[in-house]
Amino acid sequence: MAKAGTYITAYSVSSKKFSVKDIVVATETACKDIPGDKAAELRARVVNVIKTTKPPTSNITKEERLALNKLKKDTEIIIVPGDKGRATCVIDSAVYEEKANALLQDVNVYERLQKDPTQKYQTKLIKLLKDLKDKGAIDSRTYWKLYPTVCDVPKFYGLIKIHKAGAPLRPIISSIGSATYELARFVSGIISPLIGNTEHHITNTQSFVEDIRDLKLESDESLVSFDVSALFTSIPVDKTLEVVGELLKSDSSWKKGEAENLEPEQVLDCLSFCLYTSYCVFRDTFYLQRYGCAMGSSCSPLSADAYMEYFESQALTSATHPPRVWKRYVDDTFVVIKLLISKISLIILITLIRTSSLRVRKKKTANFLPGYSGLSSTGRNSESQSVPKTDTHRAVPELLLSPPT
């Protein structure tokens with residue numbers, strides 16, 4: 001990466017134009033649920049606004065804009081956001097494509113498609129929505145809100161992990177404007193209140209600070225941290241749907257507003273459609289994500305979090321030596337465990353890994369949350385280590401049957 005580098009941006013560059021297409025799509029969606037005369041009046045007012053509105057004033061100089069345009073036209077480089085630290089990264093196009101293709105060629109996760117599946121998925125989604133509407137599960141307003149109009153193909157790109165050796169890419173599938181974009185947002189609004197209610201969940205940095213403010217380590221305890229390697233592409237969708245289904249059935253507080261007449265099975269049908277139709281395009285080639293959740297869909301973080309809650313609950317309740325403290329934010333954990341068993345503390349999280357595809361790493365606690373570099377493991381073995389599923393099959397029974405004393 002001869003041309004690789006970073007530049008920290010302080011603000012967003014104002015656009016020289018606005019998207020007429022997005023405005024028209026939003027207007028037509030609104031018009032479908034109001035009387036004809038009101039719809040005509042709304043269209044006329046929108047057209048007038050579009051004709052009379054001027055683009056925002058530029059917040060950069062002419063020289064800066066010319067420089068940006070020159071960079072944009074340079075086909076030898078790619079400019080993308082960094083994965084951490086609000087950085088903007090410049091990377092050779094050939095290197096970027098090599099890294100992206102290396103991810104997409106993983107046949108366990110992605111399948112190359114012969115053609116664009118957008119029309120097929122759009123037709124299936126319309127059928128699903130019509131069925132919900134005909135059964136009275138959603139009203140006409142919600143139907144048209146979720147109805148796919150102008151469907152963009154989800155775009156694959158990668159965020160550069162500048163904080164890791166070799167600067168690998170974090171795969172992102174941008175689903176904005178896609179057929180399932182509104183449906184994913186709709187489902188996320190339903191299941192969101194049901195997730196993150198366990199004692200182990202960390203909402204944000206402030207809540208984490210409050211949780212550990214008075215924490216003191218005993219002389220025989222150690223701070224360790226685990227995370228899951230490639231969480232989103234490792235989540236088993238079938239089991240995740242089962243877990244979310246149980247949450248929907250055990251707590252009916254979600255049945256309100258637009259979701260008032262929906263049944264748990266119908267919500268799962270919508271979530272299943274979003275998770276199983278994760279596809280994307282990269283350099284004019286289409287791919288289907290065969291396993292896991294697409295990072296970029298609004299329902300993926302919640303689905304992953306739901307599965308992790310189930311996974312940690314099963315692991316912790318069956319652990320021979322449960323930790324005194326176990327806090328988790330998505331796939332990162334903060335753990336207080338006895339020094340005597342810190343060398344095999346990984347067993348806590350991988351007790352059930354024989355039936356999952358998760359890959360777990362023990363890492364330095366100092367990397368758990370930004371701003372907490374002062375926290376460090378007091379155990380002697382704090383290097384990052386990856387435990388493949390095949391290795392776990394052999395290790396788990398022995399460690400469970402012969403715990404340290």
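Residues numbered from 1 in each chain as written. Predicted model: local features only at pLDDT ≥ 70, side-chain atom pairs only at ≥ 80, totals over all residues. Heavy atoms only, no water.

A. Representation of the overall build of the protein chain. From N to C terminus, the protein chain includes 13 helices and 13 strands. Counting over 405 residues, the protein chain shows a buried share of 42%. Summarising the internal contacts of the protein chain: among those between residues at least 6 apart in sequence, 74% fall at separations of at least 24. Of the roughly 22,400 Å² that the protein chain leaves accessible, carbon and sulfur atoms contribute 53%. (Helix = DSSP H or I, 4+ residues; strand = E, 2+ residues; numbered from the N terminus. Buried < 20%, exposed > 50% of the residue type's maximum accessible area, 1.4 Å probe, protein only. Contact = heavy atoms within 4.5 Å. Areas by Shrake-Rupley, 256 points an atom, 1.4 Å probe, with all protein chains shown as cover.)

B. Quick peek at the packing of helix α9 (residues 237–250) against helix α10 (residues 264–276). The geometry of α9 relative to α10 is characterised by a closest axis approach of 10 Å and an angle of 150° between their N-to-C directions. Classified by the angle their axes make, α9 and α10 are roughly antiparallel. In the packing of α9 onto α10, the handedness of the crossing is right-handed. Judged by residue contacts, Val237, Asp238, Leu241, Val244, Gly245, Leu248 and Lys249 of α9 engage Pro264, Glu265, Val267, Leu268, Leu271, Ser272, Leu275 and Tyr276 from α10. Residue classes in the contact of α9 with α10 are distributed as 10 nonpolar, 2 polar and 3 charged. (Axes fitted to C-alpha atoms, helices over the stretch in contact; angles between N-to-C directions. Parallel < 35°, antiparallel > 145°, perpendicular 65-115°, else oblique. Left-handed = near helix turned anticlockwise from the far one by under 90°. Nonpolar A, V, L, I, M, F, W, Y, C, P; charged D, E, K, R; others polar.)

C. Focus on the confidence of the model for the protein chain. Confidence in the prediction for the protein chain averages 80 pLDDT; 81% of positions are at 70 or higher. This model gives residues 1–10 a pLDDT under 50, and the stretch forms 26 contacts once residues within four places in sequence are excluded. Every residue in residues 364–405 is under pLDDT 50, and counting partners more than four places away or in other chains gives 81 contacts. (pLDDT = per-residue confidence, 0-100.)

D. Broad picture of unusual backbone geometry. Within the chain, Ala167 stands out as a residue other than glycine whose phi angle is a positive 45°. Topologically, Ala167 is positioned in the loop between β5 (155–160) and β6 (169–174). Note on Ala167: relative accessible area 11%, which makes it buried. The phi dihedral of Arg283 falls on the positive side, at around 50°, and the residue is not glycine. Mapped onto the elements, Arg283 comes out in the loop between β8 (279–282) and β9 (285–289).

E. The arrangement of α10 in detail. Over its 13 residues, α10 runs 18 Å from end to end, which matches the ideal 18 Å to within 8%, given 1.5 Å per residue. The buried fraction of α10 amounts to 10 of the 13 residues, a majority that puts the element mostly inside the structure. As for α10, its buried residues are in contact with α5 (118–134), α7 (181–191), α9 and α11 (300–318). (Expected span 1.5 Å × (residues − 1).)

F. Examining the pairing of strand β3 (residues 87–92) more closely. Sheet topology note: the strand β2 (residues 77–81)/β3 ladder contains 5 bridges and is antiparallel. By the bridge assignment for β3, Val80 is matched with Cys89. Where β2 folds back on β3, the antiparallel hairpin that results is connected by 5 residues, among which Gly85 adopts a positive phi of roughly 75°. (Pairing = 2+ DSSP bridges.)

G. Representation of the packing of helix α1 (residues 20–31) against helix α2 (residues 36–52). Direction vectors running N to C along α1 and α2 enclose 165°, while the axes themselves pass 10 Å from each other. For the element pair α1 / α2, the angle class is roughly antiparallel. Crossing of α1 over α2 shows right-handed handedness. Contacts between α1 and α2 involve Val20, Ile23, Thr27, Glu28, Ala30 and Cys31 from the first element and Ala39, Leu42, Arg43, Val46 and Ile50 from the second. Taken together, the residues of the contact of α1 with α2 sort by class into 8 nonpolar, 1 polar and 2 charged.

H. Fine view of the environment of Thr75. Summarising the element assignment, Thr75 is placed in the loop between α3 (62–73) and β2. As for Thr75 and Ala94, which are separated by 19 residues in sequence, their C-alpha atoms are 9.8 Å apart.

I. Main features of a nonpolar patch on the surface. There is a patch of nonpolar side chains on the surface, built from Val13, Leu68, Leu71 and Ile79 and spanning about 310 Å² of accessible area. Examined against the element boundaries, Ile79 turns out to sit in strand β2. Its relative accessible area of 41% is what places Ile79 among the partly exposed residues. (Patch = residues over 30% accessible without salt bridge, like charges linked within 9 Å, V, L, I, M, F, W, Y side chains within 5 Å. Salt bridge = Lys/Arg side-chain N within 4 Å of Asp/Glu carboxyl O.)

J. Molecular detail of the nonpolar core. Leu183, Ile190, Ile191, Leu248, Trp254, Leu262 and Val267 are the most contacted members of the largest nonpolar core, which totals 45 residues. Those elements giving two or more residues to this core turn out to be α5, α6 (140–146), α7, α9, α10 and α11. Per element, the largest residue contribution to this core is 7 residues, and it comes from α10. Once residues lying within four places of it in the same chain are set aside, the contact partners of Ile190 are Leu248, Trp254, Ala259, Leu262 and Val267. Ranked by size, the runner-up nonpolar core spans 19 residues in total, among them Ile78, Val109, Leu169 and Ile173. (Core = buried A, V, L, I, M, F, W, Y, C linked by side-chain atoms within 4.5 Å.)

K. Expanded view of α9. Given a rise of 1.5 Å per residue, 14 residues ought to cover 20 Å, and the 20 Å separating the end C-alpha atoms of α9 matches this to within 8%. For α9, every residue scored as buried is listed here: Val237, Thr240, Leu241, Val243, Val244, Gly245 and Leu248. Where α9 is buried, its residues contact α7, α10 and α11.

L. Seen up close, the pattern of salt bridges. All chains considered together, the criterion is met by 15 salt bridges. Among the charged side chains, a salt-bridge network with shared partners connects Asp305, Glu312 and Arg328.

M. View of the side chain of Ser178. Following the sequence through the fold, Ser178 ends up in the loop between β6 and α7. Taking the relative accessible area as the measure of exposure, Ser178 reaches 9% and is therefore buried.

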